[in-house]
Structure formats: C-alpha cells, structure tokens
Amino acid sequence: MARRPTIKDIARQAGVSESAVSFALNGKPGVSEDTRARIRRVARELGWQPNSAARALSGERSGAVGLVLARPAHTLGAESFFLRLVSGIQEVLSAAGTALLLQVVEDVEAECAVYRRWWAERRVDGVLVVDPRTRDPRPALLSRLGLPAVVIGGGTGTPPDPWQPEGPARHGGAPAGGRDGAGGDTGAPGGTGTGAEGAAGYASGGGAGADGGAGAGGGAGDRAAAGTDGGPGPAVVRADDARAMTEVLDHLHGLGHRRIVHIAGLPGLAHTARRVAALRAEAARLGLPPGQVRSVPTDYSDTEGAAATRRVLAEPEPPTALVYVMAVAGSAVAAGLGIPVPGRLSIVAWDDSALCRVTHPPLTALVRDTAGFGRLAAEELLHLLAGGPPRVRESELPRLEPRGSTAPPPAAY
C-alpha cells in the first residue's frame, strides 16, 4: 500500500522546515508569499491532503456531513425516492468539496446513537435528517449536541411538533395550505379501517408550492427557525403533501370515484400524518363518507403494499381507486386477481418513476423533482455551516400527471 505524504515529506521536498509547511498550508503568517506558493505547489505534486481527524481535533471542520436512514434495509430498494434524493444532495456537496457520510440503521434509537458517536468523534460538521416523526427524540438531541441540522420533509405542522420552527413571519409569499383550507389544520385523521389504520393523526401545516396558492396553514418563502432549547434550531425543507393529496383526491372524485383507499406509509412518520389528514379533510369537504375514503398503513415494502392491496380488494365493497407509493406492486396484484386497470380499478402513484411510465397501462402519478429537493436540503446545510440562520424552505409543488391507469369507475360500482 502506498504511503500517504506527510508534512515532513513536503518540508524535505521544498527545502524548508516543518513549521514553515504548517504555516503555509494553514494560511498563517510566518512565511513569505513566494515560500507559501512553493510549499503549496509541492503539496499538490505529492498529492498531500489534510488529515480530517487531526483537523477535527484542532477544532477545524471535518469536511463531511452525515445522513442516517432509519428504515429496514430491505425497504430501501423498493422505491427510488432515496436514490434520487441522495443524488441531488451529492451534486451540491461534491461541488462544495464536502463529503457525505451515509449510514443505514434499523430504528430511531440507533440513529440517535450514530449522532452521538459522530459528534463525539467530530466526524461530521452537520447532518441531514429524514423521516421526521410525530413523536421525535431527534430535535432535542441535536439541539443539545449543537450539531447543525436540516430536516427534510418538515414536521407535522401541528403542535406539539418537535420540528416546527418558530420565529418571525415568513417573507416572500402569502400563507398557503390546501385549497379553501383543505389540508390545513382541519383536525386529526384516523381512518376507519382495521388494525393500525389511521394511527397517524395530525393535520398538515400546509406550505407554499410553486404557485404560492392561498389557504390555511404554512406559508411561502423563508422563515427563521428556533431550537427546542431557545437556540438556533434546525433548518427545514419541505413539500406540500396536503395540497398534493388534495389534487389527487379531486382528480379521482371528478372521475366519479367514491370508494378510495390510500395505501399509506409508516403511521409514525410526519409525512404520513399530513397525507392522511389531507385525505380526510378533502373527503369531508367533498361530502364523502369516512368509511369509503380511508388510509391503510404499511412499512413501504412491496410485500406489505401487495398484502394491503389484496385485503382491500377482497372486501364486500372494494375500492374503485387506490393511491400509494408502491403503485407498481399494486398494479401487479390487480393483474394477478384479474381486475383490469383502469376498467375496474384506478391507480395513482404518489411518486412518479421510470417503472410508472413503462408499466401497462402507464400509471397516473405525482411528478416531483426529488433530486431538486435533495439539492435544496444540501444548500441549506451549507448555508448553516457558513454561519447563516436556519430557515424554512418550500420545494416545488408536485404536479399530477394523468395517464392510462385512471378512468371513471364502471357503472356497476
């Protein structure tokens, strides 16, 4: 194995003392500009790079940020969201010369342990936090550690929300939420199905999309954030799940669907809570009975998504439309049961993908710039590390693209 060049090697090659090399490479006075330039040229030629551990011990930045995914590893390959998100994050960090340290763990307790270790070892300068939860220990921990953080996806938007920033009013836009307030703070959802259905129960705080529409709830532009201990809190980047769900339900209702099931994600996640709340709120506004429009939680795996699909399609009065992340798996289940799409069942994918576009029929889907979401999060973390205040940023509103998987329900249904 090749030996890494050291300061002693640079000093020998440049014909100077090791202290002169240290002054030159750390930008400190004590050497002439000509000597500094010669030392840096020799360092480049030798391929020298600063030792990140030594820099951390001296109080300098590590040059890395962290991302922990607290989900069962087998569920990560079932959707392309995280791959696209990380590609956007990496694009910004690479341009800034910052490394991304990625770790997958089983649960939030293990995630918190990683943050404590990274902080103690000075491994990262800040972290990107995903999957905010309705009851979340991470905000208080990160605040105690003083570890700069950007939470991707925001919180529940409804008190008590551990991720909800507080501070001066936003600037640069009007308040936003669901249409006519739908998807705002309309109340707690709690689907009417069996088992853990409706376990997530917080309304959405809304937020501005690309069109800056008005309603109840969050707002557009940037807002300063405050920490749980009174100090600077995490920055937040989020998407308006409430308005996206409202658009999906309105599309299906307009086609004539009245029995609609949302195959949701993990019930403890804040974005699941927002989507369930928005579905309930818009269903109530449209006058649809709660028992006919509901959410069924899963763990985001194709296995659970397929099982949930089989259960609801076996009901005496099965839904005529399904909305979920694992839409391709649902389409395959319908085909296996001999249920034509969209002849007897309409399907909407919550996230568009290449599979959604090439499957037959192509799936109606919410089209969003997930890589752009990742770029926005990385930009905000670099903004924090440069000394900027934590802010709340809204991503572009997803756009529903109707395709061949949605149509009016058959008259018999």
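Just so we're clear, the structure is a prediction, and the values are computed from it rather than from any experiment. Here the residue index of a chain counts from 1 through its sequence in written order. It should be noted that, the model being predicted, local features are given only for residues of pLDDT at least 70 and side-chain atom pairs only at 80 or more, the latter also being counted only at that level, while totals for whole chains, interfaces and linings use all residues. The basis for every side-chain value is the complete set of non-hydrogen atoms in the structure, without hydrogens or water.

J.: Even after reading the chapter, I still don't get the overall build of the protein, so can you show me in this structure?
T.: Tallying secondary structure elements over the protein gives 14 helices and twelve strands in all. Contacts are assigned to residue pairs that have any heavy atoms within 4.5 Å of one another. Excluding contacts between residues fewer than 6 apart, the proportion of contacts in the protein whose partners are at least 24 apart in sequence is 74%. Here the accessible surface of atoms and residues is derived via Shrake-Rupley with a 1.4 Å probe, and residues count as covered only by protein chains that are part of the display. With an accessible surface of roughly 17800 Å², the protein has 54% of that area assigned to carbon and sulfur atoms. Secondary structure is summarised from DSSP: a helix means a run of H or I of at least four residues, a strand means a run of E of at least two, and numbering begins at the N terminus for each.

J.: What exactly am I supposed to notice about helix H2 (residues 18-25) here?
T.: Working note: α-helix, 3.6 residues per turn, so residues spaced by three or four point in the same direction. Residue burial is assigned from relative accessible area. The probe radius is 1.4 Å, only protein chains are included, and a residue is buried under 20% of its type maximum, exposed over 50%, and partly exposed in between. Residues of H2 that are buried include every one of Ala20, Val21 and Ala24, and no others. Along the axis of H2, the buried positions cluster into a sector of 100 degrees, meaning they face one direction only. Considering only its buried residues, H2 is in contact with helix H1 (7-14) and helix H3 (33-46). Once H2 finishes, glycine 27 follows within two positions and takes phi at roughly 70 degrees, a positive value. In this context, the arc is that of the directions from the helix axis out to the C-beta atoms.

J.: Where do I start with the side chain of threonine 298 in this structure?
T.: Within the secondary structure, threonine 298 is located in the loop between strand E7 (293-296) and helix H11 (302-313). Ignoring anything within four residues of it in the chain, the contact list for threonine 298 reads Ile263, Ala264, Gly265, Leu266, Glu304, Gly305 and Ala308.

J.: How should the pairing of strand E4 (residues 149-152) be read in this particular structure?
T.: The side chains of a regular strand alternate between both faces of the sheet. In E4, alternate side chains face the same way, and those of Ala149 and Val151 on one face and Val150 and Ile152 on the other are all buried. At least two bridges found by DSSP between two strands is the condition for calling them paired. Inspection of the sheet shows strand E3 (residues 127-129) paired to E4 by three bridges, in the parallel sense. When the bridges of E4 are listed, leucine 128 appears paired with valine 150. The path from the first strand over the helix to the second decides the hand: if it runs clockwise while the strands point away from the viewer, the crossover is right-handed. Viewed along the sheet, the connection from E3 through helix H8 (residues 138-145) into E4 turns out right-handed. In this sheet, strand E5 (residues 235-238) lies alongside E4 in parallel orientation, the contact comprising three bridges. Counterpart to valine 150 in the pairing with E5 is alanine 235.

J.: I would appreciate a short explanation of the pattern of salt bridges in the present structure.
T.: Two side chains that carry opposite charge are able to pair once their charged atoms sit near each other. We count a salt bridge whenever a side-chain nitrogen from Lys or Arg sits within 4 Å of a carboxyl oxygen from Asp or Glu. Under the defined criterion, the tally for this structure stands at 21 salt bridges. Note that arginine 403 and aspartate 352 form a salt bridge whose closest N and O atoms lie 2.9 Å from each other. Residue arginine 403 is found in the segment after strand E12 (399-401), and its partner aspartate 352 is found in the loop between strand E9 (346-349) and helix H13 (354-358); the two are separated by 51 residues along the sequence. For the pair arginine 403 and aspartate 352, a shared accessibility class is recorded, and that class is buried. A single salt-bridge network, built from bridges that share partners, covers Asp352, Arg357, Arg399, Glu401 and Arg403.

J.: It is not clear to me how the layout of surface pockets should be interpreted in this structure. Could you clarify?
T.: The rolling of a water-molecule-sized probe over the atoms marks out the regions of remaining empty space. Here a cavity denotes grid points, spaced 1 Å and computed from the protein atoms alone, that fit a 1.4 Å probe unable to get out, and a pocket denotes an open set having protein on both sides within 12 Å along at least 5 of 7 lines; residues with an atom within 4 Å of a point are the lining. Grid points are joined across faces, edges and corners, and a volume is the space filled by probe spheres set on the points. When its volume is computed, the second largest pocket comes out at roughly 400 Å³. Along its surface, the second largest pocket is lined by 26 residues, and Phe81, Ala239, Arg275, Arg368 and Phe373 are the ones closest to its centre. Elements that contribute at least two residues to the lining of the second largest pocket include exactly helix H6 (81-95), helix H10 (270-285) and helix H14 (370-385). Of the residues contributing to the lining of the second largest pocket, the split by class is eleven nonpolar, five polar and ten charged. Amino acids are sorted into nonpolar (Ala, Val, Leu, Ile, Met, Phe, Trp, Tyr, Cys and Pro), charged (Asp, Glu, Lys and Arg) and polar (every other residue, Gly among them).

J.: What is the right way to look at the packing of aromatic side chains in this model?
T.: The geometry of two aromatic rings is summed up by the distance between their centres and the angle between their planes. Only centres within 6.5 Å qualify two rings of Phe, Tyr or Trp (six-membered ring in Trp) as a pair; their planes then separate them into stacked at under 30 degrees, edge-to-face at over 60, and tilted for everything else. Scanning the model with the defined rule gives two aromatic pairs in all. Ring geometry for phenylalanine 81 and phenylalanine 82: centres 5.4 Å apart, planes at 80 degrees, overall edge-to-face. Each of the two residues, phenylalanine 81 as well as phenylalanine 82, counts as buried.

J.: Teacher, can you tell me more about the side chain of threonine 406 here?
T.: Tracing the backbone through its elements, the reader meets threonine 406 in the segment after E12. Here threonine 406 falls in the buried class, since its relative accessible area comes to 11%. Here a polar contact is taken to be a pair of N or O atoms separated by no more than 3.5 Å, where protein atoms must pair a possible hydrogen donor with a possible acceptor and residues adjacent in sequence count only if both atoms sit in side chains. Polar contacts involving the side chain of threonine 406 include one to the side chain of histidine 251, which spans 3.2 Å. Polar contacts involving the side chain of threonine 406 include one to the side chain of threonine 364, which spans 2.8 Å.

J.: Sorry, what's going on with the confidence of the model for the protein here?
T.: When pLDDT is low, close inspection of the predicted coordinates is not appropriate. Along the chain, pLDDT gives the predictor's confidence residue by residue, from 0 to 100. Within the protein, residue pLDDT values average 79, and 76% of them lie at 70 or more. When pLDDT is averaged over each helix and strand of the protein, the minimum, 53, is found for helix H4 (residues 52-57) and the maximum, 97, for E3. Note that residues 166-231 has pLDDT below 50 and, in this model, 187 contacts with residues that lie over four places away or in other chains.

J.: Would you mind showing me how to read the environment of aspartate 299 here?
T.: With respect to the helices, strands and loops of the structure, aspartate 299 is situated in the loop between E7 and H11. In the structure, aspartate 299 is positioned 34 residues away from glycine 265 in sequence and 5.6 Å away in space, judged by C-alpha atoms. At a separation of 2.6 Å, a polar atom in the side chain of aspartate 299 contacts the side chain of serine 301.

J.: So what exactly am I meant to see when it comes to the nonpolar core here?
T.: The nonpolar side chains of soluble globular proteins are, as a tendency, buried together. In this description, a nonpolar core means a group of buried Ala, Val, Leu, Ile, Met, Phe, Trp, Tyr and Cys residues linked to one another through side-chain atoms lying within 4.5 Å. Of all hydrophobic cores here, the largest spans 24 residues; its most connected members are Leu85, Ile89, Leu128, Val150 and Ile152. At the level of elements, strand E1 (64-70), H6, E4, E5 and H14 are the ones that each hand at least two residues to this core. Leave out the neighbours within four places in its chain, and leucine 85 touches Val130, Ile152, Thr370, Phe373 and Gly374. Core analysis: the next-biggest nonpolar cluster, separate from the first, contains 23 residues, Ala278, Val293, Leu366 and Leu400 among them.

J.: Hey, could you run me through the sheet that holds strand E2 (residues 99-105) in this one?
T.: Paired through their backbone hydrogen bonds, the strands of a sheet run either parallel or antiparallel. Strands sit in the order E2-E1-E3-E4-E5-E11 across an open sheet of six strands; the sheet is parallel. Two strands close off the open sheet at either side, each with one partner strand: E2 and strand E11 (392-394). Going across the sheet, the axis of each strand differs from the next one's by a mean of 20 degrees, ignoring polarity. Here E5 pairs with E11 via three bridges, running parallel. Note on E11: the bridge partner recorded for arginine 238 is glutamate 394. Along the sheet face, helix H7 (residues 108-121) touches E1, E2 and E3 and points at about 165 degrees away from the line of E1. Of the strands in this sheet, E1, E3, E4, E5 and E11 are in contact with H14, which crosses E4 at around 160 degrees. Lines fitted to the C-alpha atoms define the axes, with helices restricted to the stretch that makes contact. Angles between their N-to-C directions range from 0 to 180 degrees.

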